[in-house]
Amino acid sequence: MNHLYVHCVVRRFLPHDRQSVRSARPTYRNRGFAALIAGVIGIATLASTSNAEEFTSEKSSAESPSASSDTTAAASTAPDVDAMQEMQKRSIQTQKPVYGHWGANPQEFSTWTNHSNRLIPVYTFGMTLNRWRERGSVYHDEAGLKAMDGKLGDGVVNPHATYYDQTDIYSLQKAAVDAGYTNIIVMVFDGMDWQTTRAASIYNTGTIPYQTGRGTGLHFQDDRRTKTDFGLVVTSAAAGGAKWDVDAQVVNSVNGGSKRGYNVQLAGRTPWDERANSEYLLGKDRSLPHIVTDSASSATSLFSGIKTYNGSINVAVDGSQVTPIARELQRDRGFKVGLVTSVPVSHATPAAAYANNVTRKDYQDISRDLVGLPSSAHRNEPLQGVDVLIGGGWGEGKGEDDVQGRNFAKGNPFFHQEDIKSVDLKNGGKYRVVQRNEGQNGREALLAAAQQATDNDERLLGFYGVKGGHLPFSTADGNYDPTLDVKGKERYSEADLIENPDLADMTEAALTVLEKSIDGFWLLVEAGDVDWANHANNLDNSIGAVLKGDAAFKKIMDWVDENNGWDHTVVIVTADHGHYLVIDDPKSIAEAGQ
């Protein structure tokens, strides 16, 4: 059935301001207008009459728009007080829910800091999910599910499933290429489930604009400049982990026990219709312990289309290496490849976009794969290397690391400094290298290097970060002043903010280089700090990370428009897994954003 797309949504954007995410986000300060927009968008995202009830009429049993007087009071602070930050701080100090709780215990603020089995969102731009719907979900068919690796859990087959599998996002990219699209852009908000997105939207609009469905209030929810679609996918892995030999790159055994899949009776048909406080979603239901994925296994599903064990970087459960789509396109069609991330460049998501390794923790070898150097996984025939690599990890140091094997080199554990030197154009390598440099504006230096790389047909390597390997964490109000969370508290110097670009800057630099590709390109942009914030149960940071990623998304969409690229460009926005935030009091978040 044809989709209904709405192109008349009114949006207003403020001028760009480096210190405020609000400058690059949709603004809906009139509550009546926000409600009208929510209704229009709810209509626009109906896939078919059969899907209408599934995606627009259910209300979450775990969340309510009503707020208690105690929690609402937390947001009703003086105008010069950051109300979202104050709620986050109060939650940590009291360990009592204020805006909500993390975990299956509604009486305590923080009882879970890991991933979940929640369904995660996928948004497409330039193509629809009609092919998925015409084919039907793999969860309709036991035979199809059994064809995947891993043991199938009970209650997974669902003839009425309107959700799909994470491996289908790989198939979606393949279908786009087969249909003639030559610019494939995948944006992964690491750890961003439907609830995380909704929290960011509520804060961003200062209202409670939706209860179900695609939602409104963020650029990737509201953008209608091309055909767009929305769906949900299952993320569970084939196995909880494996025993491996990092030096030999051999998988010795794969963990048994837990099973994969998604049980709709224990989890709910949609994220807004979840079973309240579900131990199943955490993989802790003893009667049905389904596996909760990590970022490596899920990214391998996204980019190589297989189910595998947690920790795997494009290695199947039988120990064989698989080739991610970016490398296929580079090898077979001459595509250029770019990877952009707000966290270390060799972390799981960018790693699985290109490299191979039995463990995600072999960072130095993964970074060697990314830039075409010999690695433990490709000793004799190094990979070609990506054309653009921009991300974090700068400034870190480590004396030893047994997990990385015998070839670990003392120094930067994510990307060794000698490897960076060896690929630098100055030393006969293929990359124009730009790194964080004392007193140098990070944005300006990166964009200048990108233009030079473009003018001279060079590859680009950008390496940035603060302590811990990531970019500075932006808070919900667009500042960089994180408060307490379960991981502690980070502080940044003025130099940390000046000398680092942000994710939108990195995305702009990557597109500057990749747009000159004659044959096409494949680009990953990862908002990895969403995951870090959710692991820390820090909603202030999580909203800030989503908004930073949203600004990068807008940069992508504007670039496609400016280059008249919609006839050959597909943009896919998704996550790799969920966490377990339950929004108890959305009104307090809305008032904090006003």
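Residues numbered from 1 in each chain as written. Predicted model: local features only at pLDDT ≥ 70, side-chain atom pairs only at ≥ 80, totals over all residues. Heavy atoms only, no water.

Asks: Tell me about the overall build of the protein chain, residues and numbers included.
Replies: Scanning the protein chain from N- to C-terminus turns up 21 helices and 14 strands. Here the protein chain holds 594 residues, and 64% of them are scored as buried. Excluding contacts between residues fewer than 6 apart, the proportion of contacts in the protein chain whose partners are at least 24 apart in sequence is 74%. Within the structure as shown, the protein chain displays about 21000 Å² of accessible surface, and the carbon and sulfur contribution to it stands at 46%. (Helix = DSSP H or I, 4+ residues; strand = E, 2+ residues; numbered from the N terminus. Buried < 20%, exposed > 50% of the residue type's maximum accessible area, 1.4 Å probe, protein only. Contact = heavy atoms within 4.5 Å. Areas by Shrake-Rupley, 256 points an atom, 1.4 Å probe, with all protein chains shown as cover.)

Asks: Could you give an account of the packing of helix α7 (residues 167–178) against helix α12 (residues 325–333), with specific residues and numbers?
Replies: Where α7 contacts α12, the two axes come as close as 11 Å, and the packing angle between them is 20 degrees. Our classification of the angle between α7 and α12 gives roughly parallel. Relative to α12, α7 is oriented so that their crossing is right-handed. When α7 is examined against α12, the residues Tyr170, Gln173, Lys174, Val177 and Asp178 are found in contact with a partner set consisting of Ile325, Glu328, Leu329 and Arg333. Its residues assigned to classes, the contact of α7 with α12 comprises 4 nonpolar, 1 polar and 4 charged. (Axes fitted to C-alpha atoms, helices over the stretch in contact; angles between N-to-C directions. Parallel < 35°, antiparallel > 145°, perpendicular 65-115°, else oblique. Left-handed = near helix turned anticlockwise from the far one by under 90°. Nonpolar A, V, L, I, M, F, W, Y, C, P; charged D, E, K, R; others polar.)

Asks: Give me the pairing of strand β6 (residues 242–245): which residues, what numbers.
Replies: Here 4 bridges tie β6 to strand β7 (residues 250–254), and the two strands are oriented antiparallel to one another. The residue bridging Trp244 from the neighbouring strand is Val251, located in β7. Between β6 and β7, which pair antiparallel one after the other, the connecting turn spans 4 residues, and Gln249 there sits at a positive phi close to 55 degrees. (Pairing = 2+ DSSP bridges.)

Asks: Could you give me a rundown of the side chain of Arg368, with the residues and numbers involved?
Replies: As for its placement among the helices and strands, Arg368 is situated in helix α14 (residues 363–370). Judged by its relative accessible area of 9%, Arg368 is buried. If we skip the residues at most four places from it in the chain, Arg368 touches Leu373, Pro374, Ser375, Asn407 and Asp419.

Asks: Pulling in residues and values, what's your account of the environment of Asp165?
Replies: With respect to the helices, strands and loops of the structure, Asp165 is situated in strand β3 (residues 164–165). Here Asp165 falls in the buried class, since its relative accessible area comes to 0%. With 26 residues separating them along the chain, Asp165 and Tyr139 place their C-alpha atoms 7.9 Å apart. If near-sequence neighbours (up to four positions away) are discounted, Asp165 is found in contact with Val138, Tyr139, Met148, Val233, Val234 and Lys307. Engagement of the side chain of Asp165 in a polar contact is seen with the side chain of Tyr139, the distance being 2.5 Å. (Polar contact = N/O pair within 3.5 Å; in protein donor to acceptor, adjacent residues only side chain to side chain.)

Asks: Break down the environment of Val337 for me, citing the residues and quoting the values.
Replies: Residue position: Val337 is located in strand β8 (residues 336–344). The class of Val337 is buried, set by a relative accessible area of 0%. In sequence terms Val337 and Gly385 are 48 residues apart; their C-alpha atoms lie 8.5 Å from each other. In contact with Val337, not counting residues within four places along its chain, are Ala326, Gln330, Tyr354, Val386, Asp387, Val388, Leu514 and Trp522.

Asks: Which residues make up helix α20 (residues 539–562), and what are the values?
Replies: In this model α20 runs 34 Å from its N-terminal to its C-terminal C-alpha over 24 residues, within 8% of the 34 Å that 1.5 Å per residue would give. Extensive coverage of α20 is indicated by the burial of 20 of its 24 residues. Put simply, Asn538 is the residue that caps the front of α20, since its side-chain oxygen is 3.1 Å from the backbone nitrogen of Asp540. Phi for Asn564, located one or two positions after α20, is positive at around 50 degrees. (Expected span 1.5 Å × (residues − 1).)

Asks: Describe in detail the nonpolar core, supporting the description with residues and values.
Replies: Within the largest apolar cluster, 145 residues are counted, with the highest numbers of intra-cluster contacts made by Met84, Phe220, Phe303, Leu339, Leu460 and Trp522. The element best represented in this core is α20, accounting for 11 residues. (Core = buried A, V, L, I, M, F, W, Y, C linked by side-chain atoms within 4.5 Å.)

Asks: Got a sec to walk through the confidence of the model for the protein chain? Specific residues and values, please.
Replies: Per-chain confidence: the protein chain averages 89 in pLDDT, with 87% of residues scoring 70 or above. In the predicted structure, residues 1–25 sits below a pLDDT of 50 and forms 69 contacts with residues beyond four places in sequence or in another chain. In the predicted structure, residues 27–78 sits below a pLDDT of 50 and forms 118 contacts with residues beyond four places in sequence or in another chain. (pLDDT = per-residue confidence, 0-100.)

Asks: How would you sum up unusual backbone geometry? Please name residues and give values.
Replies: Notably, Gln249 is not glycine yet its phi reads approximately 55 degrees, a positive angle. Within the element layout of this structure, Gln249 appears in the loop between β6 and β7. The exposure class assigned to Gln249 is buried, which follows from its relative accessible area of 12%. The backbone phi angle of Asn564 is positive, close to 50 degrees, even though this residue is not glycine. If you trace the backbone, Asn564 turns up in the loop between α20 and β13 (569–574).

Asks: Outline the packing of aromatic side chains, supporting the account with residue identities and numerical values.
Replies: For the coordinates displayed, the defined rule picks out 16 aromatic pairs. Taken together, a centroid distance of 5.1 Å and an interplanar angle of 65 degrees make the contact between Tyr363 and Phe414 edge-to-face. You can see Tyr363 sitting in helix α14 and its partner Phe414 sitting in the loop between β9 (388–392) and α15 (417–423), a full 51 residues away along the chain. Relative accessible area serves as the criterion here: at 17%, Tyr363 is assigned to the buried category. Here the aromatic residues Tyr123, Phe125, Phe189, Phe220, Phe230 and Phe553 are joined through ring pairs into a cluster of three or more. Here Arg327 stacks its cationic end above the ring of Tyr354, 5.9 Å away from the centre of that ring. (Phe/Tyr/Trp six-rings, centres within 6.5 Å; stacked < 30°, edge-to-face > 60°. Lys NZ or Arg CZ within 6 Å of the ring centre and 35° of its normal.)

Asks: Give me the pattern of salt bridges: which residues, what numbers.
Replies: A side chain of one charge can pair with a side chain of the opposite charge if their charged atoms are brought near each other. Taken as a whole and judged by the stated rule, the model has 30 salt bridges. Notably, a salt bridge pairs Asp457 with Lys336, separated by 3.4 Å at the nearest N-O pair. One end of the pair, Asp457, is in the loop between α16 (442–455) and β11 (459–463); the other, Lys336, is in strand β8, and 121 residues separate them in sequence. The exposure class of Asp457 is exposed, given its relative accessible area of 60%. A salt bridge links Glu418 to Lys421; the shortest N-O distance between them is 3.5 Å. With Glu418 and Lys421 both in helix α15, this residue pair falls 3 residues apart, about one helical turn. Look at Glu418 and you get partly exposed, because its relative accessible area is 44%. The exposure class assigned to Lys421 is partly exposed, which follows from its relative accessible area of 46%. Because the salt bridges share partners, they merge into one network encompassing Asp223, Arg225, Lys554, Asp558 and Asp561. (Salt bridge = Lys/Arg side-chain N within 4 Å of Asp/Glu carboxyl O.)

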